[in-house]
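# Topology and contacts: notes
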Amino acid sequence: MARAVEQFTCQSCGETYRKWQGRCETCGEWNSVVGEAVEVAVPKGMSTGKGREIIFTALDTDTTDHVRNLSHIAELDRVLGGGFVPGTSILIGGDPGIGKSTLLLQAVGKMALKGAPCTYISGEEATKQISLRASRLGLANAPVQLASANSLRDIITSLEKVSTPQLLVIDSIQTVFADNLPSAPGTVAQVRACAQELIRYARKSGSAVILVGHVTKDGQIAGPRVLEHMVDTVLYFEGDRGHQFRILRAVKNRFGATDEIGVFEMTDTGLQEVANPSSLFIRDTDKSLSGASVFAGMEGTRPLLVEIQALVAATSQGTPRRAVVGWDSNRLAMMLAVLDARCDLSFTACEVYLNVAGGLRINEPAADLAVAAALISSISDIPVPEKSILFGEIGLSGEIRAVGQTDARLKEAAKLGFTTAIIPAGSKIKDSKMKIIEVDHLAEIVSLFTQSTPITQVV
Ligand code: TYD
Ligand code: MG
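To start, this report covers the structure provided alongside it.

So, how was this worked out
- Counting of residues starts from 1 at the beginning of each chain's written sequence and follows it residue by residue.
- Both sets of labels track the order of writing: A upward for chains, 1 upward for ligands.
- Predicted model: local features are reported for residues with pLDDT of at least 70 only, side-chain atom pairs are reported and counted for 80 or more only, and whole-chain, interface and lining totals are derived from all residues.
- To get the side-chain values, all heavy atoms of the structure are used, and hydrogens and water are removed first.
- Here a helix means four or more residues in a row that DSSP labels H or I, a strand means two or more in a row labelled E, and each is numbered from the N terminus.
- Accessible area is worked out with a 1.4 Å probe on protein chains only. A residue is then buried under 20% of its type maximum, exposed over 50%, and partly exposed in between.
- Distances are taken per atom, and a residue is near a molecule or strand as soon as one of its heavy atoms is within 4 Å of it.
- In protein, a polar contact means a hydrogen-donor-capable atom and an acceptor-capable atom, both N or O and within 3.5 Å, with residues adjacent in sequence counting only if both atoms are side-chain atoms; elsewhere, any N or O pair within 3.5 Å suffices.
- Residue type decides the class: Asp, Glu, Lys and Arg count as charged, Ala, Val, Leu, Ile, Met, Phe, Trp, Tyr, Cys and Pro as nonpolar, and the leftover types, Gly among them, as polar.
- Salt bridge, as used here, is a side-chain nitrogen of Lys or Arg placed within 4 Å of a carboxyl oxygen of Asp or Glu.
- Any pair of residues with heavy atoms lying within 4.5 Å of one another is described as a contacting pair.

## Digging into unusual backbone geometry
For the bond running from Asp171 to Ser172, omega is 0°, close enough to zero to count as cis. Counting through the fold element by element, Ser172 comes out in the loop between strand 7 (167-171) and helix 5 (188-205). With a phi angle near 65°, His72 is a residue other than glycine that sits in the positive phi range. On the accessibility criterion, His72 (32% relative accessible area) is partly exposed. Positive phi, close to 55°, is recorded for Lys387, a residue that is not glycine.

This is the structure in structure tokens:
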């Protein structure tokens, strides 16, 4: 038995209320609570009625069907943990215009060209528009099953008629609607119901289903965070629209690691894979400038060299500006406080700007040392030593802590022609051709910059 009741749901986080209210108490969003009619199933005699018996199995149940289907886009396969697992669901989010549709069209196109049946259903673009894009991408001949549709019922019915796709793309989940629900497409109830049905289809048919999700202005997948719980894998496609680089990042993956990234470059013929991203994020010159340092970072299993730029400028304003692109602003505030309290280096009368080159976003604490070096270099107007890289985490007392994967970082730096590494004391190094400068405390970095002779001669 089911009865329809009105329920008020926050379109941002999915929290439900009995009454309308102007602000969601859970996520703090204003005007996001919307009334939706939902069907409440009233289970009859739940405690006494008999259900179907479930079969319990052991953990070592046959896993041989865990084959993976490759998208033939190596960067995408890497982020997925080695390709698509049949029967799973993947949610991909990202700002509008970042290239989600392009990436997925390239994936279905390539797979179809290799003979795998693939279906691409768009609720946003007409088939003609998609075909035009496909011809631009050089995929006009790919035998993709292409359709433009919005009704979930039509989509599921049609999927049963065609050969089961190895990959099914729904672009986007917000445009699909179930006609048995009274709420509008894109609302939490609709998105949840449609996603549930498509995930069920994936499990039943063995297709991998990709759902494209819109993101809200603060960067979360729109409406339903609930979707993130339902799917097996959540990917974010990010990047700065002013730059051509795009990063595909896994934030949840039931079948692989979540710290892998895929790097792409948007060109006029679609997204191209970037196999060696380090060379993209550093300048290709020998000349060192003050305020710039090179951080030897890790993204998942892959080392990635990135240039960090800082600008410290004097100001007469009472509250000087601090602006950060690509790094955590709280971490910058902490770094400035540590430099002030532990190294007597005051930034109080200065505006501070910090930028990670190439539109990349860094989350690793190991970047602290490179950031500190860029800041000190900018305020002292002395360049960081030529051909040097830095990494290390900085603690509140100014101590520099060792970080993992030292060898991989050093190897990548050496490969790209760097000769000096400024790293935490006590790092375990197997063997490296690079000149290693071990530092124990942030004050040592500061003293390196305040000496008149270049650092390379000091050590
Ligand atoms: P799109 O895939 O439509 O973004 P999303 O689905 O995430 O909203 O990307 C569209 C953008 O990509 C658009 O601004 C144009 C650009 N683009 C290229 O630069 N080159 C190309 O070959 C294609 C197809 C798109
Ligand atoms: Mg799109």
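Having put the structure on the table, let's press on.
## Things to note about the site of ligand 1
Surrounding ligand 1, one finds 16 residues, the nearest of these being Gly97, Ser101, Thr102, Thr267 and Gly270. With respect to ligand 1, the side chain of Thr102 contributes an N or O atom lying 2.6 Å from an oxygen atom. Interatomic distance of 2.7 Å between a backbone N/O atom of Gly270 and an oxygen atom of ligand 1. Of all the secondary structure elements, the ones that give two or more residues to the shell around ligand 1 are helix 2 (100-113), helix 3 (127-136) and strand 11 (261-267). Partitioning the shell around ligand 1 into residue classes produces 4 nonpolar, 7 polar and 5 charged.

## Structural notes on the pattern of salt bridges
Evaluation of the coordinates by the stated rule reveals 12 salt bridges. Among the charged side chains, a network of salt bridges with common partners joins Glu75, Arg78 and Arg302.

## Quick notes on the environment of Met335
Mapping Met335 onto the fold places it in helix 7 (residues 329-343). The exposure class of Met335 is buried, given its relative accessible area of 0%. The spatial distance from the C-alpha of Met335 to the C-alpha of Thr16 is 40 Å, given a sequence separation of 319 residues. Contacts of Met335, omitting those with residues within four sequence positions, involve Trp327, Asp368, Val371, Ala372, Leu375 and Ile394.

Geometry only, nothing functional implied.
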